[in-house]
Amino acid sequence: MCTTFSFSRNNDVVLGRTMDLPKTHKYSFMYFPKNCHFDSDVLGNKLYTKYKIMGTTFEGYEHLLDGINETGLLGCTNSFRNVMSFPKIIKKEKLNITSTKLLNFFLTNCKSLEEIKKLSKEVFIVEKSSVDDKNFSRHYHYMFTDKYNKSLILEIDNGEIKVKENPYNIMTNSPKFETHIKNLHKYLEKKELKGNMITPTKRFLRAFDELNEINKIDEDISNLKLMLKILKKFTISEEMFEKELLKLPSITLYYSAITQKDKKYYLNYVNSNYINEFSFNDFKNFETKQILKLKK
């Protein structure tokens, strides 16, 4: 599951997401400084950060699920199942990594969408590392957003990274981005949206409608509160799955919001009033990776 979108308001850009997975998952917050060995390619060659990055990851892992770098570039991963497979053989002329590491890789190396486009041509995604059993590709796709609220969608096709302009600033899950756009055009013709939000298509269309209402909001509400208010409309509960007679429910576990201008990260667990808040200033005295426990 998961729903991701961004909006521009009051001279700032905010990227928000719901994290929708089985409730057994746990999360940590991570910070990576400059010139830090943050990972390795599938052959064991070390990779180092060019820019500081921070964001949320699964507890016990170090690949970010959503985050920001020190230049203000924003990024997020969502599940993207049943639409890709990963090659087992590397391409010697390219940098070979797993899809799991891709968000970290672009946030640590790029300050703009144009740099992502350029660097993506030099990268090849393979099934797993030949030196690290824990480093294998997961079924993800990615959204990156800049300070102008311009966005890209990255999808993987037979190891190659396909970069797609995303004028809607929305990402849910499979099917492929082009199919979401076709469904959106059909929806705009009929303007009918029935049923719950469990399907990626319905959530994409609901997000489109919500974003179209942003500029009509006159109330004195901060961008953070507005983002969290909208994200909570996309909450997926166990009751929704029971109603649809579905198994292995992926329910909403947290909401995150990242503000581009002041480069702050916020995370709010479902059914909690506490908002975790982080900024790069929190880590100015640290020259090594930092892992923090998130409060509920």
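All values derive from a computational prediction rather than experimental measurement.

S.K.: I'd like to hear about the side chain of Asn135, residue by residue, with values.
M.R.: In this structure, Asn135 sits in the loop between strand E10 (123–125) and strand E11 (140–145). Sequence-distant contacts of Asn135, defined by excluding residues within four places in its chain, comprise Ser40, Thr98, Lys101, Lys128 and Ser129.

S.K.: Talk me through unusual backbone geometry; I want residue IDs and the actual numbers.
M.R.: Trans is the prevailing form of peptide bonds, just as negative phi is the prevailing case for residues other than glycine. The omega angle of the peptide bond from Ser174 to Pro175 is 20°, so this bond is cis rather than trans. Unlike most non-glycine residues, Asn11 shows phi in positive territory, near 60°. Mapped onto the secondary structure, Asn11 falls in the loop between strand E1 (3–9) and strand E2 (12–21). Given a relative accessible area of 70%, Asn11 falls into the exposed group. Positioned with a positive phi, Asn169 is a non-glycine residue whose angle comes to about 60°. Looking at the element boundaries, Asn169 is found in the loop between strand E13 (160–165) and strand E14 (170–171).

S.K.: Describe the sheet that holds strand E6 (residues 53–58), with residues and values.
M.R.: Strand order in the open sheet formed by eight strands is E13-E12-E11-E8-E7-E6-E3-E18, and the pairing between neighbours is antiparallel. Looking at which strands have only one partner, the edges of the open sheet turn out to be E13 and strand E18 (290–293). Averaged over all neighbouring strand pairs, the angle between strand axes comes to 20°, with direction disregarded. Across the sheet, helix H1 (residues 102–109) is in contact with strand E3 (27–32), E6, strand E7 (64–69), strand E8 (74–79), E11, strand E12 (151–157) and E13; its angle to E7 comes to roughly 5°.

S.K.: Explain the pairing of E6 to me, using residue names and the numbers behind them.
M.R.: Across the six residues that make up E6, a large majority, six, are buried. In this structure, E3 lies alongside E6, joined through six bridges in antiparallel fashion. Looking across to E6, one finds that Phe29 is bridged to Thr56. Bridge count for E6 against E7 is five bridges, and the pairing is antiparallel.

S.K.: Run through the packing of H1 against helix H2 (residues 113–120), naming residues and quoting values.
M.R.: Packed helices, taken two at a time, are described by the angle their axes make and the gap between the axes. Where H1 meets H2, the closest approach of the two axes is 10 Å, and the angle between their N-to-C directions is 125°. Classified by the angle their axes make, H1 and H2 are oblique. Crossing of H1 over H2 shows right-handed handedness. Mapping the contact onto sequence places Phe105, Phe106 and Asn109 in H1 and Glu115, Ile116, Leu119 and Ser120 in H2.

S.K.: Kindly report on the layout of surface pockets, identifying the contributing residues and their values.
M.R.: Roughly 510 Å³ of internal volume is contained in the largest pocket. No other element matches the four residues that E2 contributes to the lining of the largest pocket. For the lining of the largest pocket, the class distribution of residues is nine nonpolar, 10 polar and seven charged. Classifying every residue of the lining of the second largest pocket by side-chain character gives four nonpolar, eight polar and eight charged.

S.K.: Could you give an account of the packing of helix H3 (residues 177–190) against helix H4 (residues 200–212), naming the residues involved and the relevant values?
M.R.: Interhelical geometry of H3 versus H4 gives an angle of 60° and a closest axis separation of 10 Å. Taken together, H3 and H4 sit at an angle that is classed as oblique. Crossing of H3 against H4: the hand is right-handed. The segment H3 lies against H4, with Phe177, His180, Ile181, Asn183, Leu184, Tyr187 and Leu188 engaging Pro200, Thr201, Phe204, Leu205, Phe208 and Asp209. In terms of residue class, the contact of H3 with H4 is built from nine nonpolar, three polar and one charged.

S.K.: Got a sec to walk through the sheet that holds strand E16 (residues 264–269)? Specific residues and values, please.
M.R.: The six strands lie next to each other as E14-E1-E2-E15-E16-E17, forming an open sheet whose pairing is antiparallel. Each edge of the open sheet carries a strand with a single partner, namely E14 and strand E17 (275–279). As defined by bridge partners, E16 adjoins E17 across five bridges and the pair is classed as antiparallel. Paired with Tyr265 across the two strands is Phe278, which belongs to E17. Where H4 meets the sheet, its contacts fall on E1 and E14, and the angle it forms with E1 comes to roughly 10°. Contacting E1, E2, strand E15 (251–259), E16 and E17, helix H5 (residues 223–231) runs over the sheet at an angle of about 150° to E1.

S.K.: Kindly report on the nonpolar core, identifying the contributing residues and their values.
M.R.: In this structure, Phe5, Tyr27, Met54, Leu102, Phe106, Ile116 and Phe144 are the most contacted members of the largest nonpolar core, which totals 83 residues. In this structure, Phe5 is in contact with Val14, Leu15, Gly16, Met143, Asn169, Ile170, Ala207, Leu211, Met227, Ile230, Leu231 and Phe234, ignoring residues within four places of it in sequence.

S.K.: Kindly report on the environment of Lys284, identifying the contributing residues and their values.
M.R.: Structurally, Lys284 can be placed in the loop between E17 and E18. A relative accessible area of 63% means that Lys284 is categorised as exposed. Separated by 251 residues in sequence, Lys284 and Pro33 place their C-alpha atoms 8.9 Å apart.

S.K.: Outline H3, supporting the account with residue identities and numerical values.
M.R.: When the terminal C-alpha atoms of H3 are compared, their 20 Å separation across 14 residues agrees well with the 20 Å that a helix rising 1.5 Å per residue should span. All buried positions along H3 are accounted for by Phe177, His180, Ile181, Leu184 and Tyr187. One side of H3 carries all its buried residues, which in axial view fall inside an arc of 120°. Away from the buried face of H3 by more than 90 degrees, exposed residues Lys182, Lys186, Glu189 and Lys190 are located.

Rules and cut-offs
Per chain, the residues get numbers from 1 upward, laid out in the order the sequence is written. Residues qualify for local features only when their pLDDT is at least 70, as the model is predicted, and side-chain atom pairs are given and counted only at 80 or more; totals for whole chains, interfaces and linings, by contrast, use all residues. With hydrogens and water stripped out, all remaining heavy atoms of the structure feed into the side-chain values. Strands are runs of DSSP state E lasting at least two residues, helices are runs of H or I lasting at least four, and both sets are numbered from the N terminus onward. Any two residues having at least one pair of non-hydrogen atoms within 4.5 Å are treated as being in contact. Exposure classes here rest on a 1.4 Å probe applied to the protein chains alone. A residue is buried below 20% of its type maximum, exposed above 50%, and partly exposed in between. For two strands to count as paired, DSSP must find a minimum of two bridges between them. Every angle, taken between N-to-C directions, lies between 0 and 180 degrees, and every axis is a line fitted to C-alpha atoms, over only the stretch in contact when it is a helix. Oblique is the label for any angle not under 35 degrees, not over 145, and not in the 65 to 115 range, which are roughly parallel, roughly antiparallel and roughly perpendicular in turn. Crossing handedness follows the turn of the near helix against the far one: under a right angle anticlockwise gives a left-handed crossing, and clockwise gives a right-handed one. Think of a 1 Å grid over the protein atoms and nothing else: a 1.4 Å probe that fits but is trapped marks a cavity, an open set flanked by protein within 12 Å on at least five of seven lines marks a pocket, and residues with an atom within 4 Å of a point count as lining. Grid points are joined across faces, edges and corners, and a volume is the space filled by probe spheres set on the points. In this classification, the charged set is Asp, Glu, Lys and Arg, the nonpolar set is Ala, Val, Leu, Ile, Met, Phe, Trp, Tyr, Cys and Pro, and all remaining amino acids, among them Gly, are polar. Buried Ala, Val, Leu, Ile, Met, Phe, Trp, Tyr and Cys residues that are joined via side-chain atoms within 4.5 Å together make up what is termed a nonpolar core. Given the number of residues in a helix, its expected span is that number minus one, multiplied by 1.5 Å. This arc is taken over the directions from the axis of the helix to the C-beta atoms.

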